[in-house]
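If you want the building blocks of each chain, they are given just below.
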Amino acid sequence: MTDTADAPSGDDDAEEVAGVETVESIADEIRDEIRLGHVQDDVSHVLEERFDEAGISLRPEAVDDLAEDIEKDAST
């Protein structure tokens with residue numbers, strides 16, 4: 001018999017771990033929001049806000065690089 005008490009129930013998003021969003025999931029959300037026209041602000045600023053809310057700390061240069069990648073991906 002295997003212990004499945006700690007196994008995911010299938011109800012939680014795979015992108016969330018114990019209620020904490022990952023950098024990838026936040027980037028994906030912003031990418032989708034840009035495509036839908038919901039993000040009009042500077043992407044770096046939006047990323048910083050979302051990371052702060054999620055308790056994620058990244059260097060400003062890393063945030064800027066990720067913002068550029070998101071903008072490129074969203075425009076294709």
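A. Seen up close, the nonpolar core. Formed by 14 residues in total, the largest nonpolar core has its most connected members in Ile-26, Ile-30, Val-43, Leu-47, Phe-51, Leu-66 and Ile-70. Secondary structure elements with two or more residues in this core: α1 (23–35), α2 (43–54) and α3 (60–75). In contact with Leu-66, other than residues within four places in its own chain, are Val-23, Ala-27, Leu-47 and Phe-51.

B. Representation of α3 in the model. With 16 residues, α3 extends 23 Å between its outermost C-alpha atoms, agreeing within 8% with the 22 Å of an ideal straight helix rising 1.5 Å per residue. Buried residues of α3: Val-63, Leu-66, Ala-67, Ile-70 and Ala-74, and no others. End-on view of α3: buried residues confined to an arc of 105°, all on one side of the axis. For α3, the exposed residues set more than 90 degrees away from the buried face come down to Lys-72 and Ser-75. Where α3 is buried, its residues contact α1 and α2.

C. View of a negative patch on the surface. Among the surface-exposed residues, Asp-41, Asp-42, Glu-48, Glu-49, Asp-52, Glu-53, Asp-64, Asp-65, Glu-68, Asp-69 and Glu-71 lie close enough to one another that they form a single negatively charged patch. Contributions of two or more residues to the negative patch are made by α2 and α3. With five residues, the top contributor of residues to the negative patch is α3. Within the secondary structure, Glu-71 is located in helix α3.

D. Geometry of α2. For α2, built from twelve residues, the straight-helix expectation of 16 Å at 1.5 Å per residue is met to within 8% by its first-to-last C-alpha distance of 16 Å. Of the positions making up α2, those classed as buried are Val-43, Ser-44, Val-46, Leu-47, Phe-51 and Ala-54. Buried residues along α2 cover an arc of 160° about the axis, so they all sit on one side. When the buried face of α2 is taken as reference, the exposed residues oriented beyond 90 degrees from it are Asp-52 and Glu-53. Two residues or fewer after α2 comes Gly-55, characterised by a positive phi angle close to 75°.

What counts, and at which threshold
- Per chain, residues are indexed from 1 in the order of the written sequence.
- Given that the model is predicted, a residue must reach a pLDDT of at least 70 before its local features are reported, and side-chain atom pairs must reach 80 or more before they are shown or counted; all residues, however, enter totals for whole chains, interfaces and linings.
- No hydrogens and no water enter the side-chain calculation; it runs on all heavy atoms of the structure.
- Residues grouped as a nonpolar core are buried Ala, Val, Leu, Ile, Met, Phe, Trp, Tyr and Cys residues, joined through side-chain atoms within 4.5 Å.
- Residue burial is assigned from relative accessible area. The probe radius is 1.4 Å, only protein chains are included, and a residue is buried under 20% of its type maximum, exposed over 50%, and partly exposed in between.
- Think of it this way: any DSSP run of H or I at least four residues long counts as a helix, any run of E at least two long counts as a strand, and we number them from the N terminus.
- By the convention used here, residues are in contact when the closest approach between their heavy atoms is within 4.5 Å.
- Here the expected span of a helix is defined as 1.5 Å times the quantity of residues minus one.
- Arc, as used here, means the arc of the directions from the helix axis to the C-beta atoms.
- Residues form patches when they are more than 30% accessible in relative terms and have no salt bridge. Like charges link within 9 Å. Nonpolar side chains (Val, Leu, Ile, Met, Phe, Trp, Tyr) link within 5 Å.
- Each accessible area is a Shrake-Rupley result for a 1.4 Å probe, and residues are judged covered by the shown protein chains and nothing else.
- The term salt bridge refers to a pairing of a side-chain nitrogen on Lys or Arg with a carboxyl oxygen on Asp or Glu at a separation within 4 Å.
- When charges are counted, Lys and Arg contribute as positive and Asp and Glu as negative, whereas His and the chain ends are disregarded.
- For the purpose of locating charges, the reference atoms are NZ of Lys, CZ of Arg, CG of Asp and CD of Glu.

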